[in-house]
Every structure is written in C-alpha cells, then in structure tokens.
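Overview (structure and organization)
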Amino acid sequence: APAEKEGLPEDAVDQARASLAQHKAAKARALLQRWTKANAEDERYYEALLLLGDTYFESRDFWKAQTQYEQVAENASGELFEQANRRTVDVARAFLSGQRRIVWGFLRLPAYAEALELLDKVWERAPGTRLGELALKIKADYYYNNGDVDLAETEYANLVQQYPSGRYLQIGMMRSAEAAEAAFPGIKFDDQPLLEADERYRQVLAAFPSYADREKIPERLEGIREQRAEKDLYVARWYEKTRQPSAAEFYYREILKSYPDTIAAHEARTRGTD
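All residue numbers here refer to positions counted from 1 along the written sequence of the relevant chain. In keeping with the predicted nature of the model, local features appear solely for residues at pLDDT of at least 70, side-chain atom pairs appear and are counted solely at 80 or more, and the whole-chain, interface and lining totals rest on all residues. Side-chain measures here rest on the full set of heavy atoms in the structure, leaving out hydrogens and waters.

**A word on the environment of Tyr-46**
For the record, the criterion: Under the DSSP-based scheme used, a helix requires at least four consecutive residues in state H or I and a strand at least two consecutive residues in state E, with every element numbered from the N terminus. Between buried and exposed lies partly exposed: a residue is buried under 20% and exposed over 50% of the maximum accessible area for its type, with that area taken using a 1.4 Å probe on protein chains only. Whether two residues touch is decided by their heavy atoms; if any such pair falls within 4.5 Å, the residues are in contact.
Examined against the element boundaries, Tyr-46 turns out to sit in helix 4 (residues 45-58). The class of Tyr-46 is partly exposed, set by a relative accessible area of 27%. In this structure the C-alpha to C-alpha distance between Tyr-46 and Ala-212, which are 166 residues apart in sequence, comes to 48 Å. What Tyr-46 contacts, discounting residues up to four positions off in sequence, is Gln-71, Val-72, Asn-75, Ala-76 and Leu-80.

Given below as structure tokens:
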C-alpha cells in the first residue's frame, strides 16, 4: 500500500494523527472529513471527530473546532469525553483572550459570551472534577479582570462553595472578598457590599492567617470600618442639613459607639454628642 511505502500508518485516522503532529492541519482535515462521512458507525468515529476538531484548532478556527468537540462531549465517554471537555476549555480560553469567532468564512466576531457558555457547559457536564473547578475559576477570573465585580463575587463564592477543599480555595475566598468590597459604590449608597466584604475577609483571616497577614487583611478590615463610619457620618450630616436633629444625633452617637477610633468619629465629637 502507498501509505506503507511512505512509512505512514495504513489507517486514515492514524494517518491524520501523524499529519497533525507534523502541523499539517489541512492534510489531516481532508483525511478525516472523508473518513467520518463514510464511517459514522465505526468505533473510532468520535476519536476521528476529536482529531478533526484539533485540525480546526490548529488553524485557529476555534468555533469549528468546538463544533466537533461538542459532538464528542455529548456522545462519547471515558477518555474521549474528558479530552473533549479539556479542548472545550481551551477554546473558551482562546475566545476570552480575544481570539475571534469566524462566521461565514470571513467575518471575525468577538466571542466572549460564547466562551462563558462553554465554561458553563463543562461545569454542567463534569461537576466536582478538577476540570469543572478550572472552568469555574476561569469564568470568575474573567469577570474579576474585566471589573465586573458583582458577577466576579458571585462566581468566586460559587467556586468556594462547590470546592471547599479545592486548589483555588484561598484565592477564591480572597477575590470574593475583594470583589464585594469593590462593589461598594460609595457612601451615598447601601453598604451591604462592605458587610459582605468584611465577613469574607474575616473568613480568610480565620482560615489562612499567614496569607491574610501578607495580603494585609487587618488593614483592609480597618479600611472597611472607616468607610462604614463615613457612611454613617454622611447620613448624620444629611439629617442635620434637613433639620432633623434627633435623627442626626442618633447617627453621631452610633459612630462614637461603633467606630470610636475613626476619622468620622472625630467630626462626630465636634458636634457635641459626647
């Protein structure tokens, strides 16, 4: 056979694998497309689809690659199932890094939303696994790095909840706290994010004291106290401005009681409430 004379495997799937290893994606793709059309019932069919996806991935057509991986993940089991899910994470990472989805062969569109959906699919198909854990972490990191602090907080909290003994517990707890703190829009608004941040920083402090010291969590907690005191001071000033002295007096006294060593407490004392 010609394949034997060239020192190549006789089987088309193995030939394609060899070509792909030599970075000859187009050649491997042609072999696999012909073979999969004629061998849909073959036991190696999903192996061939996975390789076909790899040829598209090699050519940076990530969406076509994912089309193949999806078929494998939805229909195969064992090692092929795991490989297809790992490849799906790779596709999601490519899209989140800015790689574009190719549409109609020439149009290149951002695919961030598609990437997040792919990570959700991996988690749904493989909950409790290290790969599922990684999918949750990548999604949380994306929101965190893009400043979407509300979603980042939710995703990191979910990561911690789903994997309480996982690889990313420490960073998940820390970033959940940081995201909660960052979600506080200012003293004119509700301070619930600060309350959540305070609680989560304290959880980190209790679970990882040395790490907490390195990350200056005691200082962060003090900063939250200052912000909460400033929030109460803003409310007190507002009541004073609107000629509601009893309400203002209540908040000034609350500052002195709960936050006596803060900057806000200094002003509260000047109001003669002590």
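**Points about the packing of helix 13 (residues 217-241) against helix 14 (residues 245-258)**
Note the cut-off: For every element, the axis is a line fit to its C-alpha atoms; helices are fit only across the contacting stretch, and the angle between N-to-C directions ranges from 0 to 180 degrees. Comment on the angle field: the value is read as roughly parallel under 35 degrees, roughly antiparallel over 145, roughly perpendicular from 65 to 115, and oblique elsewhere. Left-handed describes a crossing in which the near helix is turned anticlockwise from the far one by less than a right angle; the clockwise case is right-handed. Each residue gets one label: Ala, Val, Leu, Ile, Met, Phe, Trp, Tyr, Cys and Pro are nonpolar, Asp, Glu, Lys and Arg are charged, and the others, such as Gly, are polar.
Two numbers describe how helix 13 lies on helix 14: the axes approach to 7 Å, and their chain directions differ by 160°. By the criterion of interaxial angle, the relationship of helix 13 to helix 14 is roughly antiparallel. In this structure, the crossing between helix 13 and helix 14 has a hand that is left-handed. Of the residues in helix 14, those in contact with Arg-225, Ala-229, Asp-232, Leu-233, Val-235, Ala-236, Arg-237, Tyr-239 and Glu-240 of helix 13 are Ala-247, Ala-248, Tyr-251, Tyr-252, Glu-254, Ile-255 and Ser-258. A breakdown of the residues in the contact of helix 13 with helix 14 according to their chemical character gives 10 nonpolar, one polar and five charged.

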